[in-house]
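Each chain is listed here by its residues.
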Amino acid sequence: MRVKTFRGISTATVFAEIKAEFGDNAVILSNKSTEENGRKIHEIMVGVDNNEKPAQTADTRDEVISDAMNNIPDWNQEWKQIKGHMMALLKPQMNLNLLAPRQRLALEYLEKEGVDSNVILDLFQQLRGNKSKAILPELEKLAPMRPFENGIWKEKFHALAGPHGAGKTSTIIRMALKEKKENPTARICLASADQGQGKGRLVLRHYADLSGIEFKELATREDFARLIGESHNFDRIFIDLPGLAGDAELEGWLAACGINGPCDLAVHLVLNPYYATAQYCAFLKKYKSSKLKSLIWTKLDESCNFGALVNISYESGLPVSLLSYGSGLRNSMKPACEKDFWRLIFKHQLPKEEKAQFAKAV
Ligand SMILES: Nc1nc2c(ncn2[C@@H]2O[C@H](COP(=O)(O)OP(=O)(O)OP(=O)(O)O)[C@@H](O)[C@H]2O)c(=O)[nH]1
Ligand SMILES: [Mg+2]
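Below you will find a few notes about this structure. (Residues numbered from 1 in each chain as written. Chains lettered and ligands numbered in written order. Predicted model: local features only at pLDDT ≥ 70, side-chain atom pairs only at ≥ 80, totals over all residues. Heavy atoms only, no water.)

## Some thoughts on the pairing of strand β3 (residues 39-48)
Every other side chain in a regular strand lies on the same face of the sheet, so the side chains alternate between the two faces. Buried residues dominate β3, accounting for 7 of its 10 residues. Relative to β3, strand β1 (residues 2-8) is paired through 7 bridges, and the arrangement is antiparallel. Opposite Phe6, over in β3, you have Ile44 as the bridge partner. Remark: 2 residues form the turn of the hairpin made by strand β2 (residues 27-36) and β3, two consecutive strands paired antiparallel; Asn37 in that turn has positive phi of roughly 50 degrees. (Buried < 20%, exposed > 50% of the residue type's maximum accessible area, 1.4 Å probe, protein only. Helix = DSSP H or I, 4+ residues; strand = E, 2+ residues; numbered from the N terminus. Pairing = 2+ DSSP bridges.)

Written out as structure tokens, the structure reads:
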């Protein structure tokens, strides 16, 4: 951080000078008045991030908008901190005596389970003063379900995105096999856009060959364009996306492949329940996209608490579509439903296996 002191005969002139040099990027470190030769002098010390360039006046409407957009990440960060402080202040005001014992127990349980205080506070607001109000309908509003099963998802293209190793390839195979089993005559395409060194695309090809599903590799923008052109030959197209490294973001990645436009695509974000809160925030930023339509939770069998499932639904506003709870391809995944989801949160019970779910699909 670069530090600079500005002096002048009034705070207004000093602030004007600071604004002219650094715009809104300066952080006030100190602000004091002293006397010099009988005159009052105002001295303001500011700090500026070394990466910040001195402010340039945004002349056109586009420049003003672009400036504002560039500041959004900083503002988001600041807002998160403010929200944290507000929660710390508000929490002592959360008078649990306004709740019925069973409502109170539920909130206390959720807190222990790792559900964030802003979610708990929201629930408290919904329940306070109405001791007969059931908690489950309120919870269901916070974490909606949109099961991935027959007839619910109309999109033709379904792509799975998410961090490395989250379970994208395994899940897309399960989804394609499930589709094949439920609609044996459906024309399904399984496509791998993951050109990394891993064996993901070989595994995809293997299962596609075994089960009579068409397989495609998507390495270039032209491959995507060709698949879109041929899409009338398929009823469902499942795409395995790579984990995005470094600063790459889903929206930019989809744009580079030419599939962020009107293409009939739903992207589902695959996550595991045991990341740290800051990591989830980073994932939600990285995978934010108008095409992102649901959350898929995998590795539920490896986790010992599930508060993150509630937190991410609440933060993202996205419905949960699938729950996965085993490393194998059979009997390890179910379309999400309220009963399974809340049983998992409150009882740590994994979803019950559907009878012979994929038994004859492979
Ligand atoms: N225990 C458990 N393991 C799972 C589950 N889903 C996937 N796995 C395992 O997690 C590992 C990684 O799964 P992949 O499907 O390869 O994950 P990915 O996201 O495609 O990984 P990359 O392509 O390397 O980014 C594999 O060993 C899977 O068998 C699950 O629900 N539970
Ligand atoms: Mg993979």
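## Some details on unusual backbone geometry
Even without being glycine, Asn37 reaches a positive phi, approximately 50 degrees. For Asn37, the position within the fold is in the loop between β2 and β3.

## A look at the pairing of strand β8 (residues 265-271)
Burial runs high along β8: 7 of the 7 residues are buried. Here β8 shows no split at all, with Leu265, Val267, Leu269 and Leu271 on one side and Ala266, His268 and Val270 on the other all buried. Here strand β4 (residues 157-161) runs beside β8; their pairing, made up of 5 bridges, is parallel. Residue pairing in the sheet places Ala161 in a bridge with Leu269 of β8. The pairing of β8 with strand β9 (residues 292-297) spans 5 bridges and is parallel. Paired with His268 across the bridge in β9 is Ser294.

## Points about the nonpolar core
Counting residues in hydrophobic clusters, the biggest one holds 62 residues, and the most contacted among them are Leu227, Ile239, Trp297 and Phe341. Considering each element in turn, this core owes the most residues, 6 residues, to helix α5 (residues 117-127). When residues of this core are assigned to domains, at least three map to each of domain 2 (75-134) and domain 3 (157-347). The next biggest cluster of nonpolar side chains, apart from the first, holds 23 residues, and it includes Met175, Ala186, Ala266 and Ile296. (Core = buried A, V, L, I, M, F, W, Y, C linked by side-chain atoms within 4.5 Å. Domains from an automatic or database assignment.)

## Comments concerning the pattern of salt bridges
Scanning the entire structure with this criterion turns up 17 salt bridges. In this structure, Glu36 engages Arg7 in a salt bridge whose closest nitrogen and oxygen atoms are separated by 2.4 Å. Of the two residues, Glu36 is situated in strand β2 and Arg7 in strand β1; the sequence distance between them amounts to 29 residues. For Arg205, the salt bridge identified is with Glu217, shortest N-O distance 3.8 Å. Of this pair, Arg205 sits in helix α8 (residues 200-210) while Glu217 sits in strand β6 (residues 214-217), and the two are 12 residues apart along the sequence. Judged by its relative accessible area of 37%, Arg205 is partly exposed. (Salt bridge = Lys/Arg side-chain N within 4 Å of Asp/Glu carboxyl O.)

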